[in-house]
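Residue-level listing of the chains:
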Amino acid sequence: MLERTEMARDESDTAYFFDLLYTGELVLKLIVTELLAGVLDDRDGHGYAAEYRLIRADGIGEWSEVLDELLTGPGSHHLTSVSRESQRALSMTFGPGADAWQRQAAERLNYACRCLDETQLDLSQKKVSLRQWVRQFVWLRNRTRGHGAPRGESLSAICPPLHESILAVISNVPALQRDWAYLKRNLSGKHRVSAFGGSRQPFEHLVRESHPALTDGVYVNLDGFRKVKLIYTDPDLADFFLPNGNFRKSQFQVISYISDETRSETAAQWSLPPGSQLQSETRAAPNLAVIGEVFTNMPPSRPDYVHRPALEVELSTVLRDSRNPVVTLKGRGGIGKTSLALKVLHEVAEGDDFFAIVWFSARDIDLLPEGPKVVRPDVLTTADVARDFVVLFEPDVTLKERELQQRLTDCLSGKSEDGPFLFVFDNFETIREQSELYTYLNNSIRLPNKVLITTRTRDFKADYPIEVKGMARTEFSDLVDDVAERVEIATIIDPPYKQQLYDESDGHPYITKIILGEVAREQRKVSLKHVVAAHDAVLDALFDRSFASLSPAAQRVFLTLCNWRSYVPRIGLEAVLLRPGNERMEVLDALLELHRSSLVEEIIDPESGTDFLSVPLAASVFGKRKLVTSPFKIAIEADLQLVRAFGPITATEASLGLEPRLDRLTKAIAVRLGEGDNSQELAVLEYIASHYPPAWLHLAELQQEMGNSDGSRVSVSKYLESKPTDESAWRQLITLYKRASDPLGEMHARLQLAELTRPDYKELSTAASRLNGMLSRREIEVDADERRLMVRKLRQLLEERVVEADANDLSGLGWLCMHDKDAESALKWAQAGLAKEPDNEHCLKLLRRVAARDGASD
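I will try to describe carefully the structure that is included in this document. What you see is a predicted model, and the numbers here were worked out from it, not measured in a lab. (Residues numbered from 1 in each chain as written. Predicted model: local features only at pLDDT ≥ 70, side-chain atom pairs only at ≥ 80, totals over all residues. Heavy atoms only, no water.)

### Some thoughts on the overall build of the chain
And step 1. Across its full length, the chain holds 34 helices and 20 strands.
And step 2. In terms of its C-alpha atoms, the chain occupies a principal-axis envelope of roughly 105 × 80 × 50 Å.
And step 3. In the chain, which comprises 858 residues, the share counted as buried stands at 50%.
And step 4. Taking as baseline every contact in the chain between residues at least 6 positions apart, the subset at least 24 positions apart corresponds to 66%.
And step 5. Here the chain has roughly 40,100 Å² of accessible surface; of this, 49% comes from carbon and sulfur atoms.
And step 6. With 105 positive and 129 negative side-chain charges, the chain shows a spacing of 1 Å between the two charge centroids. (Helix = DSSP H or I, 4+ residues; strand = E, 2+ residues; numbered from the N terminus. Buried < 20%, exposed > 50% of the residue type's maximum accessible area, 1.4 Å probe, protein only. Contact = heavy atoms within 4.5 Å. Areas by Shrake-Rupley, 256 points an atom, 1.4 Å probe, with all protein chains shown as cover. Lys, Arg positive; Asp, Glu negative; His and termini not counted. Charge placed at Lys NZ, Arg CZ, Asp CG, Glu CD.)

### Digging into the sheet that holds strand β1 (residues 180-185)
And step 1. Taken in spatial order, the four strands make up an open sheet running β2-β1-β3-β4, and their pairing is antiparallel. Unpaired on one side and paired on the other, β2 (191-197) and β4 (225-228) mark the two borders of the sheet. Averaged over all neighbouring strand pairs, the angle between strand axes comes to 35°, with direction disregarded.
And step 2. Relative to β4, strand β3 (residues 217-221) runs antiparallel, the two sharing four bridges. In the sheet register, V220 faces β4, and the bridge partner there is R226. (Pairing = 2+ DSSP bridges. Axes fitted to C-alpha atoms, helices over the stretch in contact; angles between N-to-C directions.)

### Some remarks on unusual backbone geometry
And step 1. A cis amide bond links G419 with the next residue in sequence, P420, at an omega value of 0°.
And step 2. Summarising the element assignment, P420 is placed in the loop between α12 (401-413) and β15 (421-426).
And step 3. Omega for the peptide link from L447 to P448 comes to 10°, which places this bond in the cis form.
And step 4. Residue position: P448 is located in the loop between α13 (434-444) and β16 (450-455).
And step 5. The backbone of D223 sits at a positive phi, close to 60°, despite the residue not being glycine.
And step 6. For D223, the position within the fold is in the loop between β3 and β4.
And step 7. Backbone geometry at N246 places phi at a positive 50°, although glycine is not the residue there.
And step 8. Locating N246 in the fold gives a position in the loop between β5 (242-243) and β6 (251-255).

### Thoughts on the sheet that holds strand β7 (residues 262-266)
And step 1. Read across the sheet, three strands follow the order β5-β6-β7 without closing on themselves; strand pairing throughout is antiparallel. Of all the strands in the sheet, just β5 and β7 have a single pairing partner and so form its edges.
And step 2. Sheet topology places β5 next to β6; two bridges connect them, and they run antiparallel. What sits directly across from P243, in β6, is V254.

### Remarks on a nonpolar patch on the surface
And step 1. Judged by side-chain polarity, L272, I365 and V374 come together as a nonpolar surface patch covering roughly 220 Å² of accessible area.
And step 2. For L272, the position within the fold is in the loop between β7 and β8 (278-279).
And step 3. Relative accessible area serves as the criterion here: at 35%, L272 is assigned to the partly exposed category. (Patch = residues over 30% accessible without salt bridge, like charges linked within 9 Å, V, L, I, M, F, W, Y side chains within 5 Å. Salt bridge = Lys/Arg side-chain N within 4 Å of Asp/Glu carboxyl O.)

### Overview of the nonpolar core
And step 1. With 59 residues, the main nonpolar core has L573, L665 and I688 as its most contacted residues.
And step 2. Excluding anything up to four places from it in sequence, L665 contacts L642, A645, F646, V684, L685 and I688. (Core = buried A, V, L, I, M, F, W, Y, C linked by side-chain atoms within 4.5 Å.)

### Considerations on the side chain of T430
And step 1. Mapped onto the fold, T430 is located in the loop between β15 and α13.
And step 2. A polar contact is formed between the side chain of T430 and the backbone oxygen of A362, at a distance of 2.3 Å.
And step 3. Excluding residues that lie within four positions of it along the chain, T430 makes contacts with A362, R363, D364 and L380. (Polar contact = N/O pair within 3.5 Å; in protein donor to acceptor, adjacent residues only side chain to side chain.)

### Focus: the pairing of strand β11 (residues 326-330)
And step 1. The buried fraction of β11 is high, at four of five residues.
And step 2. The sheet contact formed by β11 and β16 spans five bridges and is parallel. Bridged to L329 within β16 is T454.
And step 3. Sheet analysis places β11 next to strand β17 (residues 464-467), joined by four bridges and oriented parallel. Across the sheet, the residue bridging to L329 is I466, located in β17.

### Points about helix α27 (residues 709-722)
And step 1. With 14 residues, α27 should reach 20 Å at 1.5 Å per residue; the first-to-last C-alpha distance of 21 Å fits that figure.
And step 2. For α27, the full list of buried residues reads G711, S712, R713, S715, V716, Y719 and L720.
And step 3. The inward-facing, buried residues of α27 abut α26 (695-705) and α28 (727-739). (Expected span 1.5 Å × (residues − 1).)

### Here's the deal with the environment of P160
And step 1. By the secondary structure assignment, P160 is in helix α8 (residues 152-172).
And step 2. Note: C-alpha distance between P160 and S86 (74 residues apart in sequence) is 27 Å.

### Quick notes on the state of the cysteines
And step 1. All chains considered together, the criterion is met by zero disulfides.
And step 2. C843 takes part in no disulfide bond, and the closest cysteine sulfur, belonging to C817, lies 12 Å away. (Disulfide = S-S within 2.5 Å.)

### Digging into helix α1 (residues 2-11)
And step 1. Every buried residue of α1 is listed here: R4, T5 and A8. Buried positions in α1, seen along its axis, are confined to an arc of 95° and lie on one side of it. Exposed side chains of α1 directed beyond 90 degrees from the buried face belong to E3, M7 and D10. (Arc of directions from axis to C-beta.)

### Overview of the packing of aromatic side chains
And step 1. Taken as a whole and assessed by the stated rule, the structure comprises 19 aromatic pairs.
And step 2. Ring centres 6.0 Å apart and planes at 75° place the aromatic pair F252 and W270 in the edge-to-face group. Of this pair, F252 sits in strand β6 while W270 sits in the loop between β7 and β8, and the two are 18 residues apart along the sequence.
And step 3. By relative accessible area, which is 1% here, F252 ends up buried.
And step 4. With centroids separated by 5.0 Å and ring planes inclined at 15°, the aromatic side chains of F360 and F425 adopt a geometry described as stacked. Of this pair, F360 sits in strand β12 (residues 356-361) while F425 sits in strand β15, and the two are 65 residues apart along the sequence. (Phe/Tyr/Trp six-rings, centres within 6.5 Å; stacked < 30°, edge-to-face > 60°.)

### Some points on the packing of helix α24 (residues 659-674) against α26
Any two packed helices are characterised by how steeply their axes cross, that is the angle between the axes, and by the distance between the axes.
And step 1. The interhelical angle for the contact between α24 and α26, taken along N-to-C directions, is 25°, at an axis separation of 10 Å. The orientation of α24 with respect to α26, classified from their angle, is roughly parallel. Of the two possible hands of crossing, α24 and α26 adopt the one that is right-handed. Every residue of α26 that contacts α24 at E659, L662, D663, T666, I669, A670 and L673 is listed here: A695, H698 and L702.
And step 2. Taken together, the residues that form the contact of α24 with α26 break down as six nonpolar, two polar and two charged. (Parallel < 35°, antiparallel > 145°, perpendicular 65-115°, else oblique. Left-handed = near helix turned anticlockwise from the far one by under 90°. Nonpolar A, V, L, I, M, F, W, Y, C, P; charged D, E, K, R; others polar.)

### Thoughts on the pattern of salt bridges
And step 1. Using the criterion set out here, one finds 52 salt bridges in the structure.
And step 2. With its nearest N and O atoms 3.7 Å apart, the salt bridge here joins D321 to R323.
And step 3. Taking relative accessible area as the criterion, D321 reaches 14% and is therefore assigned buried.
And step 4. Here R323 falls in the exposed class, since its relative accessible area comes to 60%.
And step 5. Across the pair R758 and E804 runs a salt bridge, and its minimum N-O distance is 3.3 Å. Of this pair, R758 sits in the loop between α29 (743-756) and α30 (761-776) while E804 sits in the loop between α31 (784-800) and α32 (807-819); the two residues are 46 residues apart in sequence, bridging distant segments of the chain.
And step 6. Residues joined in a network through salt bridges with shared partners are R792, R795, E799, D820 and D822.

In structure tokens, the structure reads:
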């Protein structure tokens, strides 16, 4: 950006001044985003609220207001310790004569402001902080670029002190001295690190180690990597974009101050207004109540709970014993952990085992019959837990954070006068720092006090883990009967259908309720599946004769499917079995045999047309026995390594099509290639691509990571042969040509994008800007006819939609006309741009060029 301002200095004071303003805006937004990255997640969502506001901010003034809130508002209490250095640097005040960069920056900016308006407050004898610099900059920007037209002589006086002020901030503000990087997680699981500030060294280990929690994006090192959600770039660091308002229909604009390019980003993760999330159905009560013989804040037990006797007895026994201080209920989401816990806890409350049962809910999603709903968690941190605990038992006491945690520690360890306590942590997996909180609880708890945790994931070892799996058959039957009666579908649920429901859901209560809800809605049976066979003799009677009659190819396909108990994409199975190195076989004929013998099941995704194959459960059990003595065993085990790379696929997941499976396959291939295993994996992906074109994009990504740029461009091009209207793929091809320094290829791709799709007008304008630059710098070596054709094609596309153009767009169109030797049209578009924006520097420059050309002609 500083290079841009230096170029503008040589052009004119006006251009120099406005580029300095752009630089100041960039610096201000970077300061805010760095501080925002340091706001830890909290249950009140202060960081989210700031992000929500910034993506909708149509002026730099709102960025200043958000900065003030982050510095002094409630969100400031949730800053990381390192971010507090930024907070101090921005908030500290300095009196007259202080040798501090903040004061120098503020005084130089104040001088620039007073050159423009002498009524501005003179800060030379006042205490100042960098917050005054921010407010003055907002005033200067709005007074000039926003609502004013400063004269040239004013700008010549303003520019030097403005430049000095901005440089003082850039050189010293903590945000711009930190370590920044864009992290791109490769298919192998490791990261590509593109550092662009400070040192790369803190990020180096990510190149060698896998860290799944670090998703793609910009990160700043704040004694730990903090994601910067509002800066957009790519692994090549080709450009940097920040929010620029213009929020429309769940999208907002981002702008590059370096290139003047704008584009839209999705606002999906900021769709809910701050504070709009409701509390969970299983939230803690705000006050203590007496239930049975204990004080508690736990929610009531679920009215629709179905008894699970074995789990209830086990949990009740371990909670009442004198041996296990920490108990964990672990299982999949919706499996019934919370309902089970509440049922048992209300029974425990009837006894005298505990003085109090204290409930902490970290639940952020309620699984309701109508679908999942986002809710607000009660606690997310150890500090939240300590604060809620003390408020519950001592509502009138005011304590510091350290003292709050000490009170909690005393109760955990038995040092409190009251007790014993049972502390319950529901949905522990959503706690922000699970390992730290668990370590604290495990180290502090002492019998007879106890801790009960419910969680989907268990990355720690509890004293007593209880696995909550699918419901037993009798429990499942009770659940189905209860729900069927409530939603009035009991006449539809006959015993065979109930059995198949159990097989399909694996006894999962939430999935079962969703399916029954669909039955109630459609008033018919849905999603029937295969029946489990129980006995070996029955299996032999059902399948042995059919198996013996199959061709060797069909037997091999059948045994492969049996030993991966999941749906498999047909095209993927073909690719694995037909890869180089395998004996050639007619897979399609083999599958036809299996269909005829009723030994294979097929479902088809209606959108993509992809069919997925599986075998009945009973047949699978039979096939696994047969594989033990099969001559195909070694070859099938090799095939299964690649088949498993698609991941397990249920009937529901198959409806999502092939794309999610390709993601998994490509990542698995990347890992194997990274380990030096180069055994025909690419051929598998290429075969799939020849039948399913989107796979070319996965192959292109893999080739790019391997350093095969030519192959990557070829793969994207092959995809576009079948999907020529895919704007995203054209942009990917444009990027690949740019990386290869192939301006001609890049421009042809841009023209194809413009002709075959209807891209955003800004996309056309960017293409015009690129072509103008290439022609001016003579980067494209083509004959005059091809050059004229490129210019006229792009010019025609721009002129057909000229009503969408702003002043900058019209300037680019005018330059195209100049390259088309049409000075008259260039003049017309320059004048049209100035009519929209009278002081547009690009249109003014074009006007001067046209005038100079006309003067030379005279």
